Each structure stands twice: as structure tokens, then as C-alpha cells.
Amino acid sequence: MAPQQPVPNPLLDPLDITPLPKPFKSPHWKPAPRRNKNLKQILQEDLKTLTLAANPAANPAAASSTAAPSASNPGAVGATYTNIESAPSFHPARAHWCDITGLPSKYVDPRTKLRYADVEVYRAIRELPPGGKEGYLELRGANVVLK
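Now for a quick tour of the structure. (Residues numbered from 1 in each chain as written. Predicted model: local features only at pLDDT ≥ 70, side-chain atom pairs only at ≥ 80, totals over all residues. Heavy atoms only, no water.)

**Some thoughts on the overall build of the protein**
Heads up, the condition is: By the criteria applied, helices consist of DSSP H or I runs no shorter than four residues and strands consist of E runs no shorter than two, each listed in order from the N terminus. Working rule for contacts: check all heavy atoms of both residues, and any pair within 4.5 Å makes them a contact. The method behind every accessible area is Shrake-Rupley, applied with a 1.4 Å probe, and residues are considered shielded solely by the protein chains displayed.
Counting its secondary structure elements, the protein contains 4 helices and 2 strands. Reading the protein from its N end, one meets helices and strands in the order α-α-β-β-α-α. At a minimum sequence separation of 6, the contacts of the protein that also span at least 24 residues come to 21%. By element, 61% of the accessible surface of the protein is carried by carbon and sulfur atoms, the whole surface being about 13200 Å².

This is how it looks when you write it as C-alpha cells:
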């Protein structure tokens, strides 16, 4: 059985754009030579840097490197992928969270002092059994114990 040839369609042939040149595609384009590294490669490179910095006799170029330990701080080897520490955030921490859902809360129930995020949670707070409200306050550390 011979392969079937496509039947020409006089209505669709003028609309076909495959034979037209595409000016948006450059024939000289090549992808960038940059190569992304995976985590394993980064860690191996980092380990190699640390071992060369710890043993400057093995590599004379590492002795003049800024990553080598100094006299004032002998254990410091500079910031690496595995030991980088970030400074504390200057952004204020969100102080109020819903006691029921854990979502950011905007409201406080005046009767129970429970924080809640929306009307549905408020209704759930109103339907809590006796002792349930104190349990949520205890989880937050805002319970009052009278002795």
C-alpha cells in the first residue's frame, strides 16, 4: 500500500504560513555559552575551595587568596554556599495571627480575646464549647491562670 499524498485544499492553501519566511527568527542566533550548575556540582566546588583554603601548601595560589584564614580569625574561610549567614531582617515581623487558622488576623474577639481572620472564624469561635477558648489562648501563651 503506497503512502497517501495530502489532498490540496483550495480554501486552506492561501492561508498556509509554513512556506513564508519568518523575519523574527535570526539564522545567526546561538544560545549563550553559560552553563547552569546543579547543587551537587556547587557543593563539590565549595568543598574543593575549602580544602585548598585550609591547606595552602597544596595550592600556592590559595595562600594569597582572601578566603584564607587570617591571624585574627583563624577559622574564617569566607562566605561559601554552605556556610553563608544572613543579617537579621529590618522588616518588622507580623505580630498577629489567627488563633484558629494561622492566617494573618485583623480582628480580636472582645469577649474571649482570641484573634481571628474573618467572619467564618468568628462564628466558629462563638460556637466553641466551654474550655475550648482557654485552650486556644493557652496555645498562644496568652492564658490567664488565677491562683
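**Examining the side chain of Thr112**
This is how it is decided: Whether a residue is buried, partly exposed or exposed follows from its accessible area with a 1.4 Å probe, protein chains only, as a fraction of its type maximum: under 20%, in between, or over 50%, in that order. Think of a polar contact as two N or O atoms within 3.5 Å of one another; within protein, one of them needs to be a possible hydrogen donor and the other a possible acceptor, and neighboring residues in sequence only count if both atoms come from side chains.
Position of Thr112 among the secondary structure elements: in the loop between strand E1 (107-108) and strand E2 (115-116). Residue Thr112 is classed as buried on the basis of its relative accessible area of 10%. There is a polar contact of 2.7 Å between the side chain of Thr112 and the side chain of Asp109. For Thr112, the contacting residues outside a window of four places in its chain are Ile125, Lys133 and Leu137.

**Let's talk about the packing of aromatic side chains**
Two numbers describe a pair of aromatic rings. These are the distance of the centres and the angle of the planes. Note the threshold: Two rings from Phe, Tyr or Trp (for Trp, the six-membered ring) form a pair when their centres sit within 6.5 Å of each other. Planes less than 30 degrees apart are called stacked, planes more than 60 degrees apart edge-to-face, and all others tilted.
For the structure on display, the rule yields 2 aromatic pairs. A centroid spacing of 5.0 Å and a plane angle of 40° characterise the contact between Tyr116 and Tyr122, whose relative ring orientation is tilted. The class of Tyr122 is partly exposed, set by a relative accessible area of 26%. Connected via pairs of aromatic rings, a cluster forms that spans Tyr107, Tyr116 and Tyr122.

**A look at the nonpolar core**
Here is the rule: Definition of nonpolar core: a set of buried residues of the types Ala, Val, Leu, Ile, Met, Phe, Trp, Tyr and Cys, connected through side-chain atoms within 4.5 Å.
Of all hydrophobic cores here, the largest spans 7 residues; its members are Cys98, Leu114, Tyr116, Ala117, Val121, Ile125 and Leu137. Here Leu137 is in contact with Thr112, Lys113, Leu114, Ala142 and Asn143, once residues within four sequence places are set aside.

**Remarks on the side chain of Asp109**
Looking at the secondary structure, you find Asp109 in the loop between E1 and E2. Judged by relative accessible area, Asp109 falls into the buried class, the value being 0%. With near-sequence residues (within four places) excluded, Asp109 lies in contact with Leu114, Tyr116, Tyr122, Ile125 and Arg126.

**Structural notes on the pattern of salt bridges**
Short version of the rule: Every case where a carboxyl oxygen of Asp or Glu lies within 4 Å of a side-chain nitrogen of Lys or Arg is listed as a salt bridge.
In this structure the tally under the stated criterion is 3 salt bridges. A salt bridge links Arg140 to Asp99, with the shortest nitrogen-to-oxygen separation between them at 2.7 Å. Pair noted here: Arg140 is in helix H4 (residues 132-140) and Asp99 is in the loop between helix H2 (60-63) and E1, with a separation of 41 residues, a long-range link.

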